[in-house]
Amino acid sequence: MHLTRRSLGLALAGLPLASLRPAQAQASPPILLEGAWLFDGQAMTGPAALLIVDGRIHAIAPASIPDGAQRLDLAGRYVIPAMTSAHSHVGHTSGASLGRENHTRENAVAQLRRYQAFGINAVNSLGLNAPLFHELRAESRTGRLPGALLLGAGPGIGMPDGAPPVRVMNLADDQVLRPRNASDAEAAVATHADRGVDLIKIWADGLNNSAPQMTGELISAIVRAAHARNLRVAAHIFDLSQARLSVESGVDIIAHGIRDREVDDAFVAMMRQRGTWYIPTIQIDEAEYIYADQPELTEDPFFRAAINPEMTARIKDATWRAGQLERAAPRRAAVRTNQANLKKLHDAGIPIAFGTDSGGTPLRVQGFAEHRELELMVEAGLTPAQALNIATIRSSELLGLNDRGAIREGMRADLVVLGGNPLENIRNTRSIRSVMQNGQEVAGPIA
Ligand SMILES: [Zn+2]
């Protein structure tokens, strides 16, 4: 049995989700979740009761239960904090297309709802955002937008005639800011800050040596301007050389895994000394071949809930699959290198956050990509608890969301109820029975 709004005793059926504001959560009766195991963000404890008052976790194993509390029997269930994606893209894809015409309110809201239904309740849209993003971000911060919380980097800063490629990504000409010198770079950061962003995104790579790469001088100028405005800088990279230049130039977050070679000890030491964060996005390369390898995924109910009909048709097309497989070898190698580097950096104590680049292209399937990423992290040698710790507490911490990502007193009751133990098998994160935001159910079972 999954939680229904009726079982929660909340008279919400029929109300648009947009009306679920924190103010209304405060008027709801206390909720007692009984009998579930709790993954607090570090380890599994319990079974223990969880008392939610005013949309927040009030007590674990409470000594007394308030009168009128709604009691929910979750015996045999596993409750984890809702996840936070530190690297995704919202509103950029639709069906089998990507690009400027997809950046509509309706599309962004549908995607934020999908993330939430898959247990991801905060999403950092890391660049490629159209001007509409700033409006949606402001509404999301004040609880006026349904679905996962929307954070992000605005348009981002790339290279003139370089990354991100205008034609391939189907961008408007001015969608990404492309400074030519340090003073342009300063102005580009100021534009972002004035419009309202959570961080600055840069594209530091040279598109596999086919375009000019961002220089250390330009990166440093962007970092100085961003830090002066209390904004951190996340860099899109592929190679170790680009990552090294970015870290040396003061970048705060490496936004993709290093995929051309194994990281060396000097680089690891530099990241540790500077406190640089790392988001591996292992699934970004796997997305190019997994559906050609496993077209039967289109019959899998969990995947079907994430994919759209246009992409399903593409995956079922044998010619398309053959083309993907022909180009797959370097992508497979990139995944293996990414996994080895994740394990090495994690063991070295480098702070890791969770992301997939989902929504960057139609193959990077929002919702599904995140659950695959957890599996790929475990395959890389992390324990399920470590992978989930990264997807919950650590990613929330990176984004300054200190009120979520853990099951602790005082935290927001943004929770996912699972049917199976994710520490026994990380694939059990797919067994979603219910997603709660501010203590209220906002989604039920996926499959
Ligand atoms: Zn991205």
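Reading the values: rules and limits
Residues numbered from 1 in each chain as written. Predicted model: local features only at pLDDT ≥ 70, side-chain atom pairs only at ≥ 80, totals over all residues. Heavy atoms only, no water. Pairing = 2+ DSSP bridges. Helix = DSSP H or I, 4+ residues; strand = E, 2+ residues; numbered from the N terminus. Buried < 20%, exposed > 50% of the residue type's maximum accessible area, 1.4 Å probe, protein only. Lys, Arg positive; Asp, Glu negative; His and termini not counted. Salt bridge = Lys/Arg side-chain N within 4 Å of Asp/Glu carboxyl O. Contact = heavy atoms within 4.5 Å. Domains from an automatic or database assignment. Buried area = accessible area lost by both parts, 1.4 Å probe. Polar contact = N/O pair within 3.5 Å; in protein donor to acceptor, adjacent residues only side chain to side chain. Core = buried A, V, L, I, M, F, W, Y, C linked by side-chain atoms within 4.5 Å. Expected span 1.5 Å × (residues − 1). Phe/Tyr/Trp six-rings, centres within 6.5 Å; stacked < 30°, edge-to-face > 60°. Donors = N, O, S within 2.8 Å, 3.2 Å for Na, K, Ca; no water. Axes fitted to C-alpha atoms, helices over the stretch in contact; angles between N-to-C directions.

This brings us to the sheet that holds strand β16 (residues 277-278). Strand order in the open sheet formed by four strands is β13-β14-β15-β16, and the pairing between neighbours is parallel. In this open sheet, the two strands that pair with only one neighbour each are β13 (200-203) and β16.

Okay, the side chain of Glu288 next. Residue position: Glu288 is located in the loop between α8 (283-286) and α9 (290-293). Lacking a salt bridge, the buried Glu288 has Arg364 as its closest oppositely charged neighbour, with an N-O distance of 4.2 Å. With residues near it in sequence (within four places) discarded, Glu288 still touches Gln324, Arg331, Leu363 and Arg364.

So, on to the pattern of salt bridges. Inspection of every chain in the model, using the stated rule, returns 25 salt bridges. In this structure, Asp347 engages Lys343 in a salt bridge whose closest nitrogen and oxygen atoms are separated by 3.1 Å. Of this pair, Asp347 and Lys343 both sit in helix α13 (residues 329-347), four residues apart, which is roughly one turn of that helix. By relative accessible area, Asp347 is classed as exposed at 52%. Taking the relative accessible area as the measure of exposure, Lys343 reaches 28% and is therefore partly exposed.

Turning our attention to the domain arrangement of the protein chain. By domain assignment, the protein chain separates into domain 1 (17-80 + 405-443) and domain 2 (83-288 + 328-398). With centres defined by C-alpha atoms, the gap from domain 1 to domain 2 works out at 29 Å. Across the boundary between the two partners, domain 1 contributes 26 residues, which contact 23 residues of domain 2. Across the interface of domain 1 and domain 2, roughly 2,000 Å² is buried in total on both sides, 63% from carbon and sulfur atoms. At the boundary of domain 1 and domain 2, one finds two salt bridges. Arg430 is the partner of Glu375 in a salt bridge, and the nearest nitrogen-oxygen pair spans 2.8 Å. One can count eight residue pairs in polar contact (both at pLDDT 80 or more) joining domain 1 with domain 2. Listing elements by their share of the side of domain 1 that touches domain 2, those giving two or more residues are β19 (432-437) and β20 (440-443).

So, on to the nonpolar core. Ranked by internal contacts, the top residues of the largest apolar core, which has 95 residues, are Ile200, Ile202, Ile222, Phe267 and Tyr291. Counting residues per element, this core draws most heavily on helix α5 (residues 216-228), which supplies seven residues. Composition of this core by domain shows at least three residues from each of domain 1 (17-80 + 405-443) and domain 2 (83-288 + 328-398). Each residue touching Ile200, except ones within four places of it in the same chain, is listed here: Ala153, Ile157, Val189, His192, Ile222, Ala226, Leu231, Arg232, Val233 and Ala234. Of all hydrophobic cores here, the second largest spans 19 residues; its members include Leu38, Ile407, Met411 and Val417.

Over its 15 residues, helix α15 (residues 384-398) extends 20 Å from the first C-alpha to the last, a length consistent with the 21 Å expected when each residue adds 1.5 Å. For α15, the buried fraction is high: twelve of the 15 residues fall into the buried class. Every buried residue belonging to α15 is among Pro384, Ala385, Ala387, Leu388, Asn389, Ile390, Ala391, Thr392, Ile393, Ser395, Ser396 and Leu398, and all of these are buried. Looking at the residues trailing α15, positive phi occurs at Gly400, about 75°.

This part is about the packing of aromatic side chains. In this description, an aromatic ring pair is defined by two values, namely the gap between the centres and the angle between the planes. What the rule picks out here adds up to five aromatic pairs. On the basis of an interplanar angle of 75° and a centroid distance of 5.1 Å, the ring pair of Phe118 and Phe302 is categorised as edge-to-face. With Phe118 in the loop between α2 (105-117) and β11 (120-125) and Phe302 in helix α10 (residues 301-304), this pair connects stretches of sequence that are 184 residues apart. For the pair Phe118 and Phe302, a shared accessibility class is recorded, and that class is buried. Ring centres 6.2 Å apart and planes at 50° place the aromatic pair Tyr291 and Phe368 in the tilted group. Of this pair, Tyr291 sits in helix α9 while Phe368 sits in helix α14 (residues 368-379), and the two are 77 residues apart along the sequence. Relative accessible area serves as the criterion here: at 1%, Tyr291 is assigned to the buried category. Residue Phe368 is classed as buried on the basis of its relative accessible area of 0%.

Four donors placed tetrahedrally about a metal ideally form angles of 109.5 degrees, and six donors placed octahedrally ideally form angles of 90 or 180 degrees. Of the protein atoms, only His87 (NE2), His89 (NE2) and Asp357 (OD) coordinate the zinc ion, at distances of 1.8 to 2.1 Å. In the primary structure, the donors to the zinc ion are separated according to the pattern H-x1-H-x267-D. Just as His87 is buried, His89 falls in that class too.

The strand order β3-β2-β7-β18-β19-β20 describes an open sheet built from six strands, whose pairing is mixed. Of all the strands in the sheet, the pair left with one neighbour each is β3 (44-45) and β20. The pairing of strand β2 (residues 37-39) with strand β7 (residues 78-81) spans two bridges and is classified as parallel. Bridging from a neighbouring strand, Leu38 pairs with Val79 of β7. In the packing of α15 onto the sheet, contacts are made with β2 and β7, and the angle to β2 comes to roughly 65°.

The subject of this paragraph is the side chain of Ser396. Within the element layout of this structure, Ser396 appears in helix α15. Given a relative accessible area of 1%, Ser396 falls into the buried group. At 3.0 Å, the side chain of Ser396 and the side chain of Thr84 are in polar contact. When neighbours within four sequence positions are excluded, Ser396 is seen to be in contact with Thr84, Leu401, Arg404 and Gly405.

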